Amino acid sequence: MNSATIATDHRSEQTSSGDADERPRHTRGNTDHLEDDALMDLVREGQHDVYAVLWARHYATACSYARSLTRSGHDVDDVTAEAFTRLLALLQRGRGPSGRFLPYLLRTIRNLAMDGHRRDQRIDVSDEIDGESGPGPADHLVEREERDVARRAFDRLPDAWRGVLWDVEVLAKKPAEVAQATSTTAHNVSALACRARKGLRHAFLSENVAPAAGPCRRVTERLGAFLCDEVGLRERRRIDEHLDWCARCRAAESTIRDIAADAGIAVRPPLEQAA
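What you see is a predicted model; the values in this text were computed from it and never measured.

Cut-offs applied
Residues numbered from 1 in each chain as written. Predicted model: local features only at pLDDT ≥ 70, side-chain atom pairs only at ≥ 80, totals over all residues. Heavy atoms only, no water. Phe/Tyr/Trp six-rings, centres within 6.5 Å; stacked < 30°, edge-to-face > 60°. Helix = DSSP H or I, 4+ residues; strand = E, 2+ residues; numbered from the N terminus. Buried < 20%, exposed > 50% of the residue type's maximum accessible area, 1.4 Å probe, protein only. Core = buried A, V, L, I, M, F, W, Y, C linked by side-chain atoms within 4.5 Å. Contact = heavy atoms within 4.5 Å. Axes fitted to C-alpha atoms, helices over the stretch in contact; angles between N-to-C directions. Parallel < 35°, antiparallel > 145°, perpendicular 65-115°, else oblique. Nonpolar A, V, L, I, M, F, W, Y, C, P; charged D, E, K, R; others polar.

**Q** Please give an account of the packing of aromatic side chains that cites residues and values.
**A** For any pair of aromatic rings, geometry is given as the distance between the ring centres together with the angle between the planes. This structure, assessed with the given rule, holds 5 aromatic pairs. With 6.3 Å between their ring centres and 35° between their planes, Phe-84 and Phe-101 make a pair best called tilted. With Phe-84 in helix 4 (residues 73-92) and Phe-101 in helix 5 (residues 101-119), the pair connects residues that are 17 residues apart, well separated along the chain. Phe-84 sits in the buried class, given a relative accessible area of 0%.

Structure follows, in structure tokens:
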């Protein structure tokens, strides 16, 4: 699919089926002011024509980033169109990103470009990006987003966990050295560091979704631990029951699964795969 046709394809699709839906319809003219997360929610609800706003808002940045990762204009068009199409398909299934649209779109473009390089045996994977061009604004956006997420995740941890991670991971101190300074044992320091690493991993995953309110807040804050199989049976049942009916939290779960795959973090399979 050519990226320039995405908006018009889904606008015409909505026109043909609009008579059957009596809910108020949002058009391009009255959705330009909405934030990305609100637009994505409308697409999940079936108002696919508003995806054109997301496309128009982020197409130029997406093309610029794809151009930095590919070697021809044809590849830029293909990768950009495929990324937009994949995200639209996810949203139509009630999944996709929860929160900011652009960082998720750029990660999708990066993954598609890297997959293309690996499939093309004529291209050396070590030379995937032209070193002379240097990182562009989109690269800095992705890196800044990832740093901000990591910082927020670290800040969520208890003081003791932050302290031991700083000593062991950042300052590269041995557990015995930390134990001597904190009047404990090396074994206790190692055990605390292990718990802190797990907590940071869970917090990092959960920080990739937009803040929620009400019962959704309790679920999204624990989705990282839930997907890493680090919650008790009662909490697992509570989250499973919530995900059964809450489309927004299912979208958040989908986002976390994609982030975990990119980061190499193992998570439990979806229920339909585990069955």
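From this point, the narrative continues.
**Q** Could you give an account of the nonpolar core, naming the residues involved and the relevant values?
**A** By size, the foremost hydrophobic cluster in this structure holds 31 residues, and its most contacted members are Tyr-51, Phe-84, Phe-101, Leu-105 and Ile-109. The set of elements that each furnish at least two residues to this core consists of helix 2 (36-44), helix 3 (51-69), helix 4 and helix 5. In contact with Leu-105, other than residues within four places in its own chain, are His-58, Ala-62, Ala-83, Phe-84 and Leu-87. Judged by nonpolar contacts, the second largest core, of 19 residues, contains Val-209, Val-231, Ile-239 and Cys-249.

**Q** So what's going on with the packing of helix 7 (residues 159-170) against helix 9 (residues 186-206)? Residues and values would help.
**A** Interaxial distance between helix 7 and helix 9 falls to 9 Å at its minimum, and their mutual angle equals 105°. Relative to helix 9, the element helix 7 lies roughly perpendicular. For the pair helix 7 and helix 9, contact is made by Ala-160, Trp-161, Val-164, Leu-165, Val-168 and Glu-169 and by Val-189, Leu-192, Ala-193, Arg-195, Ala-196, Arg-197, Gly-199 and Leu-200, respectively. Tallied by class, the residues present in the contact of helix 7 with helix 9 amount to 10 nonpolar, 1 polar and 3 charged.

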